[in-house]
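So you can see what is in the structure, the chains are spelled out below.
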Amino acid sequence: MAVRPSGDGAAAHLVGRTGQLVALDAAVSAVAGGEFAAVNLCGEAGIGKTSMLRVLAERASAAGLLVCDGRAAEFERDVPFAMYADVLEPLVTAGGAAEDGEVVSRALTGRPVRDGATSSVGRARIYAAVRRLIDGVRAPGVALLLDDLHWADEPSLELTEYLIRKPPRRPALVAVAFRCEQPPSGVADAIVHLGPAATRINLPRLGPADIDALLPGVPRRRRTLISRASGGNPLYVQELSRCRDDTLAALVDNDDVDVSERHVLTGLAREITDLDEPVRRVAYAAAVAGDHASIGLVAQVAQVSTDAVVTAADELHRRGLMDVDAARLRFRHPLVRAAAHESAGPAWRVTAHARAAAHLRAHHGPPQVLAHHTERSAQPGDEAAAESLIDAGLAFTYPAPAQAARWLGAALRLLPEGHLLGGRRPTVLLQYARALGLSGELERSRDVLRELAHGDDRVRAEAAAFRAVVARLRGDIDEAATLVTAQLADARLPRTSAGKLHVELAAIAALGEDDDTTVGHADRAITLLAGDRPPLSAAAYALRAFGRLYAGELDAARRDAAHAAELVDSETNAALRPHVELFGPLAWVRLHLGEVTAAAHHLDRAADVVERVRDSSAVPYLLVVRVALLTRLGHLETAVHLAEEAVALARRVGSVEMRAMAEAVALRPLLLTAGPSVVGRLTAGDWPRSRMWRRVGRLNLAVAHLAAGRPESCLEIVADPAPWQPGPPIAVPRDVVHAIALARSGDTTRAHRFAARAAALADAAGLAYEQGWAGYAQAYVATAAHRHDEAAALADAAATRLAAARAPVEEALARHLTGIASARDGRSAAARDAFRQAQEGYESCGASWLSSVLARHAAAIGSRPKRDPRPAATGSATTLSAREREIAELVRAGLTNQEIASRLFLSRRTVESHLARIFGKLGVRSRTELAARLTGDTPTP
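Residues numbered from 1 in each chain as written. Predicted model: local features only at pLDDT ≥ 70, side-chain atom pairs only at ≥ 80, totals over all residues. Heavy atoms only, no water.

K.L.:
I tried to follow empty space enclosed by the protein on my own but got confused; where do I start?
P.N.:
Per the counting criterion, the structure on display carries 4 cavities of 30 Å³ or more. By volume, the largest cavity amounts to about 510 Å³. Lining the largest cavity are 24 residues, with H592, R668, L699, N700 and Y769 positioned closest to its centre. Of the residues belonging to the lining of the largest cavity, the class tally is 16 nonpolar, 3 polar and 5 charged. (1 Å grid on protein atoms, 1.4 Å probe; cavity = no way out; pocket = protein on both sides within 12 Å on 5 of 7 lines; lining within 4 Å. Points joined across faces, edges and corners; volume = space filled by probe spheres on them. Nonpolar A, V, L, I, M, F, W, Y, C, P; charged D, E, K, R; others polar.)

K.L.:
Please explain the sheet that holds strand β6 (residues 293–294) as it appears in this structure.
P.N.:
To summarise the sheet geometry, strands pair through backbone hydrogen bonds and adopt either a parallel or an antiparallel arrangement. In space, the 3 strands of this open sheet follow the order β6-β8-β7, with antiparallel pairing throughout. Strands with a single pairing partner mark the edges of an open sheet, and in this sheet they are β6 and β7 (322–325). Note: β6 against strand β8 (residues 328–331), 2 bridges, orientation antiparallel. Looking across to β8, one finds that A293 is bridged to L329. (Pairing = 2+ DSSP bridges. Helix = DSSP H or I, 4+ residues; strand = E, 2+ residues; numbered from the N terminus.)

K.L.:
Even after reading the chapter, I still don't get the packing of aromatic side chains, so can you show me in this structure?
P.N.:
For any two aromatic rings, the description comes down to two numbers: the centre-to-centre distance and the angle of the planes. One pass over the full model with this rule turns up 9 aromatic pairs. Aromatic pair Y776 and Y780: ring centres 6.2 Å apart, planes at 55°, arrangement tilted. With Y776 and Y780 both in helix α40 (residues 768–784) and 4 residues apart, this pair spans about one turn of that helix. Classification of Y776 as buried rests on a relative accessible area of 0%. When its relative accessible area of 1% is taken as the criterion, Y780 is described as buried. (Phe/Tyr/Trp six-rings, centres within 6.5 Å; stacked < 30°, edge-to-face > 60°. Buried < 20%, exposed > 50% of the residue type's maximum accessible area, 1.4 Å probe, protein only.)

K.L.:
Help me understand a negative patch on the surface in this model?
P.N.:
Where like charges cluster on the molecular surface, the negative patch consists of D69, D86, E89 and D325. Following the sequence through the fold, D86 ends up in helix α3 (residues 84–87). Under the relative-accessibility criterion, D86 is labelled partly exposed at 34%. (Patch = residues over 30% accessible without salt bridge, like charges linked within 9 Å, V, L, I, M, F, W, Y side chains within 5 Å. Areas by Shrake-Rupley, 256 points an atom, 1.4 Å probe, with all protein chains shown as cover. Salt bridge = Lys/Arg side-chain N within 4 Å of Asp/Glu carboxyl O. Lys, Arg positive; Asp, Glu negative; His and termini not counted. Charge placed at Lys NZ, Arg CZ, Asp CG, Glu CD.)

K.L.:
Would you mind showing me how to read helix α7 (residues 154–165) here?
P.N.:
Each α-helix turn comprises 3.6 residues. Residues three or four places apart therefore point the same way. Here α7 is 12 residues long and its end C-alpha atoms lie 16 Å apart, about the 16 Å a rise of 1.5 Å per residue gives. The buried fraction of α7 amounts to 10 of the 12 residues, a majority that puts the element mostly inside the structure. (Expected span 1.5 Å × (residues − 1).)

K.L.:
In this structure, what is going on with the nonpolar core? I would like to understand it.
P.N.:
Soluble globular proteins: nonpolar side chains tend toward being buried together. Membership of the largest hydrophobic core comes to 158 residues, with the highest contact counts inside it found for L91, L144, L149, W588 and W693. Residue contacts for L91: discarding those within four places in its chain leaves L66, C68, L133, I134, V137, V142 and L144. (Core = buried A, V, L, I, M, F, W, Y, C linked by side-chain atoms within 4.5 Å. Contact = heavy atoms within 4.5 Å.)

K.L.:
What is the right way to look at the confidence of the model for the chain in this model?
P.N.:
Low-pLDDT portions of the prediction should not be read for the details of their coordinates. Of the residues in the chain, 88% reach a pLDDT of 70 or more, and the chain-wide mean stands at 84. When mean pLDDT is taken per element in the chain, helix α31 (residues 583–592) scores highest with 96 and helix α48 (residues 927–934) scores lowest with 66. This stretch, residues 1–12, has a pLDDT under 50; its non-local contacts, to residues over four places away or in other chains, come to 35 contacts. Under a pLDDT of 50 for its full length, residues 113–119 has, in the predicted model, 14 contacts with residues more than four places off or in other chains. (pLDDT = per-residue confidence, 0-100.)

K.L.:
Looking at this model, I keep getting lost on the packing of α31 against helix α32 (residues 596–610). Mind explaining?
P.N.:
Axis angle and axis distance: for two packed helices, these are the angle between their axes and the distance between the axes, and together they describe the pair. It is the contact of α31 with α32, at a shortest axis distance of 7 Å, that shows an interaxial angle of 165°. When the axis of α31 is compared with that of α32, the two are roughly antiparallel. The two elements α31 and α32 cross, and the hand of that crossing is left-handed. Residue-level contacts link F583, L586, A587, R590 and L591 of α31 to V596, A598, A599, H602, L603, R605 and A606 of α32. (Axes fitted to C-alpha atoms, helices over the stretch in contact; angles between N-to-C directions. Parallel < 35°, antiparallel > 145°, perpendicular 65-115°, else oblique. Left-handed = near helix turned anticlockwise from the far one by under 90°.)

K.L.:
What's the story with the side chain of H579 in this structure? I'm lost.
P.N.:
Looking at the element boundaries, H579 is found in the loop between α30 (573–576) and α31. With relative accessibility at 13%, the residue H579 sits in the buried group. The contact partners of H579, leaving out residues within four places of it in the chain, are R533, P535 and L536.

K.L.:
Looking at this model, I keep getting lost on unusual backbone geometry. Mind explaining?
P.N.:
Excluding glycine, residues mostly have negative phi values, and the peptide bonds linking residues are mostly trans. The residue D148 is not glycine, and still its phi comes out positive at about 55°. Mapping D148 onto the fold places it in the loop between β3 (142–147) and α7. When its relative accessible area of 5% is taken as the criterion, D148 is described as buried. Positive phi, close to 65°, is recorded for H786, a residue that is not glycine.

K.L.:
Would you take a moment to explain the pattern of salt bridges for this structure?
P.N.:
Opposite charge on two side chains lets them pair, provided their charged atoms get close. Counted under the stated rule, the structure contains 45 salt bridges. With its nearest N and O atoms 3.7 Å apart, the salt bridge here joins D447 to R450. Of this pair, D447 and R450 both sit in helix α23 (residues 442–451), 3 residues apart, which is roughly one turn of that helix. R544 is the salt-bridge partner of D523, the closest N and O atoms lying 2.5 Å from each other. Taken together, the positions of D523 in helix α27 (residues 515–529) and R544 in helix α28 (residues 534–551) put the pair 21 residues apart, joining distant regions of the chain. By relative accessible area, which is 28% here, D523 ends up partly exposed.

K.L.:
Which parts of the structure should I look at to understand helix α39 (residues 748–765)?
P.N.:
Taking 1.5 Å per residue, 18 residues should reach 26 Å; α39 reaches 25 Å between its end C-alpha atoms and fits that length. Along α39, the residues classified as buried are A751, F754, A755, A758, A759, A762 and A765. End-on view of α39: buried residues confined to an arc of 140°, all on one side of the axis. Exposed and facing more than 90 degrees away from the buried side of α39 are T749, R753 and A764. Directly after α39, the chain includes G766, whose backbone phi takes a positive value near 70°. (Arc of directions from axis to C-beta.)

K.L.:
Is there a simple way to explain the packing of α31 against helix α33 (residues 618–633) in this structure?
P.N.:
It is at 9 Å that the axes of α31 and α33 come closest, and there the two elements cross at 15°. Taken together, the axis directions place α31 and α33 in an arrangement best described as roughly parallel. Taken as a pair, α31 and α33 cross one another with a handedness that is left-handed. Contacts between α31 and α33 involve F583, G584, P585, A587, W588 and L591 on the former and, on the latter, Y621, L622, V625, A628, L629 and R632. Classifying every residue of the contact of α31 with α33 by side-chain character gives 10 nonpolar, 1 polar and 1 charged.

See below:
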């Protein structure tokens with residue numbers, strides 16, 4: 001905190017920060033102009049982050065923005081939304097929808113919300129409500145200023161990341177400050193993705209001139225000693241300025257002494273222990289009670305009167321250690337609180353937490369704050385403490401499942417194993433298992449659920465259902481099916497409950513690509529539901545459409561998908577919330593039926609439903625389906641970003657299966673933007689365990705191998721030994737990749753057969769996307785066979801069909817192939833026109849790697865604009881020996897002759913000899929032409 005003794009306003013207190021202040025002004029101006037902006041203040045402890053945020057608050061307020069600020073605390077990292085407790089209060093009182101205000105003000109304190117059947121509101125609903133509150137304020141904009149984010153609790157970090165990744169419509173500024181060595185990765189990454197809308201400031205230490213300005217009345221020799229001893233850290237400057245000259249000189253002269261946070265803490269602790277006993281006791285109590293503790297709470301913890309607290313707080317304020325704000329006490333700097341906390345002594349802190357818990361229990365304090373103190377002071381057998389922990393755990397199962405699991409587990413450990421908890425033990429165990437599952441502790445969740453398998457009838461069925469969900473998240477499809485089937489054996493099941501179980505079994509079968517079983521369970525569900533529970537019926541129809549799509553019954557799949565769409569479109573979001581997962585298969589089916597607009601509509605509706613739903617395992621799954629849609633539509637950068645978000649969410653819920661699904665579907669947009677380096681992204685152990693998503697990932701990986709010039713590896717992947725024959729939307733892409741890989745290997749005869757089969761399947765289905773892909777494969781094979789005129793015509797027709805199918809990347813690939821075939825046929829003008837269209841397509845989609853491939857091809861072909869007079873047999877890669885092929889591939893990868901020689905343990909002269917023979921066999925004149933030829937002579941998707 002670079003503080004000067006005099007001056008008006010926070011800005012006047014700062015020295016050495018001129019450039020940073022200009023950057024803050026620019027961010028405020030951007031928001032005042034109607035934009036969204038983020039500021040990231042980073043630096044070591046004591047460097048002045050808090051002072052910079054104070055300046056930002058002043059300037060944002062002067063610009064008319066509603067300023068909401070808060071600070072995370074080192075000792076309350078386990079209290080959900082602790083950082084936002086004060087931040088959101090101005091938003092709640094500033095306007096917006098009453099429902100959103102209640103969700104935010106009551107859900108964050110764990111109290112029931114009127115429209116909720118449970119007292120626990122999901123994180124997604126809270127985050128969306130906060131964003132809508134920001135949109136509803138009457139001020140020109142909002143500034144959220146969040147300090148010490150390195151100590152923030154997980155839900156607070158998630159909310160901050162959410163507001164940065166999904167900015168409000170109202171102009172807003174989100175400013176965060178944290179220590180550079182402890183960055184909250186999700187928030188930092190979200191800010192990086194904002195690009196120009198983000199201002200990142202790394203606060204440096206002060207120079208000698210800055211310290212001269214900071215300490216104008218101090219003699220020069222003493223200033224020099226302070227400067228050298230402090231290393232330019234403003235807080236250290238402030239603390240060392242209290243030391244005598246001989247102490248400063250000793251610090252400077254002793255090379256082994258490094259003035260650090262520990263030195264500052266020691267100095268601050270000495271200041272606190274030197275206080276009179278009543279003042280010292282209040283400092284200790286305030287450190288335990290927490291930031292913004294009320295005077296009454298501090299009095300209870302310190303075991304003194306409120307008058308004594310007021311007197312002590314005034315003394316601490318005079319000494320520059322504490323602030324008083326609206327009858328609440330707050331230490332000036334986190335290091336001051338840390339020093340007081342450490343000085344208090346561990347045994348005293350236990351009793352102090354107990355007194356804090358007793359006060360909060362008597363005054364109905366927020367359950368999460370009560371639990372924080374209870375957990376640190378409860379003794380075995382304390383039933384009141386266990387009840388407090390259970391209440392907090394039940395209240396925060398969905399907003400903060402990791403912390404809820406911790407509290408519930410602590411409560412269960414406090415009491416003997418046979419304790420019935422007033423008859424609530426089965427319910428508490430079930431909620432404990434649910435919190436563990438939601439926080440990613442799937443193994444521990446499954447263990448707790450097994451305890452309930454033979455327990456109370458009231459929770460046994462619900463426990464079995466959640467256990468099936470856990471099994472599915474883990475990728476244990478067979479276990480999930482067994483659990484659901486066992487529930488179906490109960491003859492007492494109502495028809496709708498049985499119908500719901502059949503829907504679940506249909507979903508499990510769909511993951512296994514067992515189309516007959518999928519359709520069978522969906523049929524049974526539709527019969528049992530008989531129009532009752534429309535959302536469940538919609539799920540059954542969507543899954544039957546899925547099974548029929550995979551079986552190749554496209555007309556029936558269209559009818560079922562349309563009926564499912566009618567049902568969901570007639571339902572409210574509230575009715576769809578428990579069944580939001582159904583939008584995944586429905587959108588997937590319509591995408592593969594060529595109904596791209598309908599698929600996008602379903603996913604948009606799902607996103608709207610999820611905003612208000614409790615934390616759902618469906619969220620990463622829905623993101624995975626959206627990634628596939630965005631990739632088809634050519635929104636590659638967004639697809640990659642959402643795939644990363646899906647991976648992060650899957651990790652958060654502990655689902656290895658969904659993480660693998662997200663990584664599998666991300667391979668294609670990554671390939672198109674970054675190139676074949678994605679080949680090594682998945683290992684054998686990372687594949688999804690469900691057959692459907694494993695097939696998606698393997699096909700994408702096969703294409704990546706093909707793009708990397710490894711057709712043999714590609715052929716090994718696509719050679720599926722299973723006798724199952726999928727429908728055209730699945731079979732055509734596989735045959736296309738098979739045909740291209742064979743053509744790349746020189747086997748144009750077999751390649752032609754696969755391409756022809758793909759074309760026949762696509763034509764019979766009447767699907768434009770598949771027809772375009774099949775036409776591309778035929779053009780590719782024709783190019784490999786040197787039938788360039790035919791290849792150009794086929795590629796041009798394929799591009800037209802792919803454009804109609806709204807597949808811009810594939811259309812550009814087909815234009816690219818048209819250009820290559822036209823150039824080889826001697827039609828330079830046609831080639832240039834096709835290359836131009838391909839380049840425009842790649843650029844509009846962000847297909848950076850494909851753009852670079854096109855540039856190489858254009859450069860190679862541009863060197864021979866006339867019809868290539870060389871015989872067709874020349875240039876076949878199959879004429880190369882194994883060693884020549886190996887060297888040629890390393891040339892294509894960009895290695896020099898010397899690097900190749902080192903890699904293969906050859907002499908440079910031997911490499912040059914091999915390279916001369918390779919040039920002759922392939923009929924190329926340069927390394928650039930060789931690279932283009934080995935990239936397949938044609939672009940590979």
